[in-house]
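One-letter residues, chain by chain:
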Amino acid sequence: MQDKQIMENILLNVKGECDLMMHGAIESSTQNVHAAFAQSLDECISMQNQIYSKMAQKGWYPATNVEPQKIDTLKQKYSQGC
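Bear in mind the structure is a predicted one, so any value in this text is a computation, not a measurement. (Residues numbered from 1 in each chain as written. Predicted model: local features only at pLDDT ≥ 70, side-chain atom pairs only at ≥ 80, totals over all residues. Heavy atoms only, no water.)

Hey, could you run me through the overall build of the protein in this one?
Assigned secondary structure in the protein consists of three helices and zero strands. N-terminal to C-terminal, the α/β element order of the protein is α-α-α. Whereas a compact globule of 82 residues would reach a radius of gyration of roughly 12 Å, the protein reaches 17 Å, over 25% beyond that. Going through the 82 residues of the protein one by one, you find that 13% of them count as buried. Taking the contacts inside the protein whose residues are at least 6 apart along the sequence as the reference set, 61% of them involve residues at least 24 apart. For the protein, the accessible surface area stands at approximately 6700 Å², while carbon and sulfur atoms represent 53% of it. Where the 7 positive side-chain charges of the protein centre and where its 9 negative ones centre are 10 Å apart. (Helix = DSSP H or I, 4+ residues; strand = E, 2+ residues; numbered from the N terminus. Rg over C-alpha atoms; globule rule 2.2 N^0.38 Å. Buried < 20%, exposed > 50% of the residue type's maximum accessible area, 1.4 Å probe, protein only. Contact = heavy atoms within 4.5 Å. Areas by Shrake-Rupley, 256 points an atom, 1.4 Å probe, with all protein chains shown as cover. Lys, Arg positive; Asp, Glu negative; His and termini not counted. Charge placed at Lys NZ, Arg CZ, Asp CG, Glu CD.)

The following block contains the structure:
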């Protein structure tokens, strides 16, 4: 397996873990459980950012800039309820 594919798989798995931790925090029944999930979520998000940064450095996950006008157009569209 190529390095890029391995990193994509790792990133996908970490994103899934973030989703689980987020739902655990949202649906937790006690403050202790909520705190444990919230801390784990913070750690997962940090890990996800590190993986993304390494992939972006290698050109495997390029970010594209969007023109401010396009952003403003979408803001207007969605603020009006589509």
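Still more ground to cover, so stick around.
Help me out: how do you make sense of a nonpolar patch on the surface in this one?
A cluster of nonpolar side chains, Met1, Ile6 and Ile10, forms an exposed patch at the surface whose accessible area comes to about 300 Å². In this structure, isoleucine 6 sits in helix H1 (residues 3-27). You can call isoleucine 6 partly exposed: its relative accessible area is 34%. (Patch = residues over 30% accessible without salt bridge, like charges linked within 9 Å, V, L, I, M, F, W, Y side chains within 5 Å. Salt bridge = Lys/Arg side-chain N within 4 Å of Asp/Glu carboxyl O.)

Is there a simple way to think about the side chain of serine 28 in this case?
Mapped onto the elements of the fold, serine 28 is located in the loop between H1 and helix H2 (31-57). Within the structure, the side chain of serine 28 is placed 3.4 Å from the backbone nitrogen of histidine 34, a separation counted as a polar contact. Residue contacts for serine 28: discarding those within four places in its chain leaves Val33 and His34. (Polar contact = N/O pair within 3.5 Å; in protein donor to acceptor, adjacent residues only side chain to side chain.)

How do you make sense of the packing of aromatic side chains when you look at a structure like this?
The way to describe two aromatic rings as a pair is by their centre distance and the angle between their planes. In the structure shown here, the tally under the stated rule is one aromatic pair. Both rings, one in tyrosine 52 and one in tyrosine 61, keep their centres 4.9 Å apart while their planes meet at 85°; by these two values the pair is edge-to-face. (Phe/Tyr/Trp six-rings, centres within 6.5 Å; stacked < 30°, edge-to-face > 60°.)

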